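# Coordinate inspection notes
Spelled out, the chains give:
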Amino acid sequence: MKALILAGGTGSRMRPITHTAAKQLVPVANKPILYYAIEALVSAGVTDLGLVVGDTEQEIKDAVGDGFRFGATVTYLRQDKPRGLAHAVAISRDFLADDDFVMYLGDNLLTGGITDIVRDFRQAGADAGILLTKVGDPTAFGVVELDAHGAVVCLEEKPSQPRSDLALVGIYFFTPAVHEAVRAISPSERGELEITDAIQWLVDQGRTVWPVTVSGYWKDTGNVPDMLEVNRSILEALTPQVSGLVDDASEIIGRVRIEPGARVTRSRIVGPAIIGADTVITDSYIGPSTSIADGCRIIDSELEFSIVLNRSRIEGVGRIEASLIGRDAQVRRAMCVPRAHRLILGDHSDVRITA
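A brief look at the structure comes next. Note that the structure is a prediction, hence the values are computed from the model and not measured.

Parameters at a glance
- Residues numbered from 1 in each chain as written.
- Predicted model: local features only at pLDDT ≥ 70, side-chain atom pairs only at ≥ 80, totals over all residues.
- Heavy atoms only, no water.
- Axes fitted to C-alpha atoms, helices over the stretch in contact; angles between N-to-C directions.
- Helix = DSSP H or I, 4+ residues; strand = E, 2+ residues; numbered from the N terminus.
- Parallel < 35°, antiparallel > 145°, perpendicular 65-115°, else oblique.
- Left-handed = near helix turned anticlockwise from the far one by under 90°.
- Contact = heavy atoms within 4.5 Å.
- Salt bridge = Lys/Arg side-chain N within 4 Å of Asp/Glu carboxyl O.
- Core = buried A, V, L, I, M, F, W, Y, C linked by side-chain atoms within 4.5 Å.
- Buried < 20%, exposed > 50% of the residue type's maximum accessible area, 1.4 Å probe, protein only.
- Pairing = 2+ DSSP bridges.
- Polar contact = N/O pair within 3.5 Å; in protein donor to acceptor, adjacent residues only side chain to side chain.

### Thoughts on the packing of helix 6 (residues 177-184) against helix 7 (residues 195-204)
Between helix 6 and helix 7, the shortest axis-to-axis distance is 8 Å and the interhelical angle comes to 110°. Relative to helix 7, helix 6 is oriented roughly perpendicular. Handedness of the crossing formed by helix 6 with helix 7: right-handed. Only A198, W201 and L202 of helix 7 make contact with helix 6, whose side of the interface consists of A177, E180, A181, V182 and A184.

Listed below in structure tokens is the structure:
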């Protein structure tokens, strides 16, 4: 069995972070979300990986390499622009050959891994397998209707009037039968080759599509609130470890990981939280569900339920929460009078200021 990992896309819902970075490489718990997908596949015994990449191809290559450190081999497959999940399958035909494969969206996270599901799919003898989970707003997802016996009846992509509350998780299982389905479908109204249409074609042709409702925690990390929620979930399982320096005037409470080279001075950190290598925390409070990456400076400030990326500096700004702060950002108190906010913001920025 092979794997097809989708690591292209523009990440429009994550702007401005994704103006300069691949959305699959934005970290949760200080590790790129893409790494969780690769590790889940390798743990399931799937080590021959094809990464479908787009405009951020070089950044993905720099981060993943040839796959050796993950225990995998990686082939890069270029998609000129996002044209749908089924299009990604079509351009990967030579790589996939006649092997069964897992298609894994690189910005999705499913806790608990897929080892048992891979094993069960191999034993099921189905032409395709889909993972489902119940959601509150099905209109934002691919939605699946099952009959009274649990068989797949209908799939729709982001329907305005959903027939069920069962959404497709971004992990699929296919035999070579899917290639015939992809050739048979046409672009949707969105101009994309939809994988839901390909799976529906299999259903209509009497092929077996195996549905599995997952019990583990799943998130599509396509926007900032979901990214923060995934960060919170991953940190809940954090193993505490202090490898950096913490002075006697500081307090560490709960599940906190402090990486080598980090220094905590006159500060309070309440876990779950992770402090990256060579980061300096001084006269500050770091609250639960916070990840601070490598080389940051947090001085005379409070952070909670937030993600701070590499080499950023936050100084004297009071309390920050539910925030995603990009690489090399500078957040500082303005010393001028009269009181005013001074901002330099990129396209698609979202700033919320209390009076």
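Moving on from the coordinates now.
### A look at the pattern of salt bridges
Applying the stated rule across the entire model yields 26 salt bridges. When the shortest N-O distance is used, the salt bridge between E302 and R319 registers 3.1 Å. With E302 in strand 24 (residues 297-304) and R319 in strand 26 (residues 313-321), this residue pair connects regions lying 17 residues apart in the sequence. Beyond isolated ion pairs, a larger network of salt bridges with shared partners links D55, E57, K61 and R78.

### As for the nonpolar core
When a protein is soluble and globular, its nonpolar side chains tend to lie buried together. Membership of the largest hydrophobic core comes to 40 residues, with the highest contact counts inside it found for L49 and V64. Listing elements by their share of this core, those giving two or more residues are strand 1 (2-6), helix 1 (33-43), strand 4 (48-53), helix 2 (57-64), strand 6 (101-105), helix 5 (115-124), strand 11 (166-174) and strand 12 (209-213). Looking at this core, the element that brings in the most residues is helix 1, giving six residues. Those residues in contact with V64, other than ones at most four positions away along the chain, are L34, Y35, I38, L51, R69, F70, V74 and Y76. Grouped together as the second largest cluster of nonpolar side chains are 35 residues, A88, L132, V152 and A177 included.

### Topic: the pairing of strand 24
Side chains on a regular strand alternate between the two faces of the sheet. Pairing geometry for strand 21 (residues 280-282) and strand 24, over three bridges, is parallel. When the sheet's bridge partners are listed, I281 is paired in strand 24 with I298. The sheet contact formed by strand 22 (residues 285-286) and strand 24 spans two bridges and is parallel. Bridging from a neighbouring strand, Y285 pairs with E302 of strand 24. Judged from the seven bridges that link them, strand 24 and strand 26 form a sheet pairing that is parallel. Residue I298 lies in a different strand from strand 26, and its bridge partner there is I314.

### Examining the environment of S306
Inspection of the secondary structure puts S306 in the loop between strand 24 and strand 25 (307-308). A relative accessible area of 0% means that S306 is categorised as buried. The contact partners of S306, leaving out residues within four places of it in the chain, are L228, N231, S289, T290, S291, I320, E321, A322 and S323. Within the structure, S306 has its side chain in polar contact with the backbone nitrogen of S323 (distance 3.1 Å).

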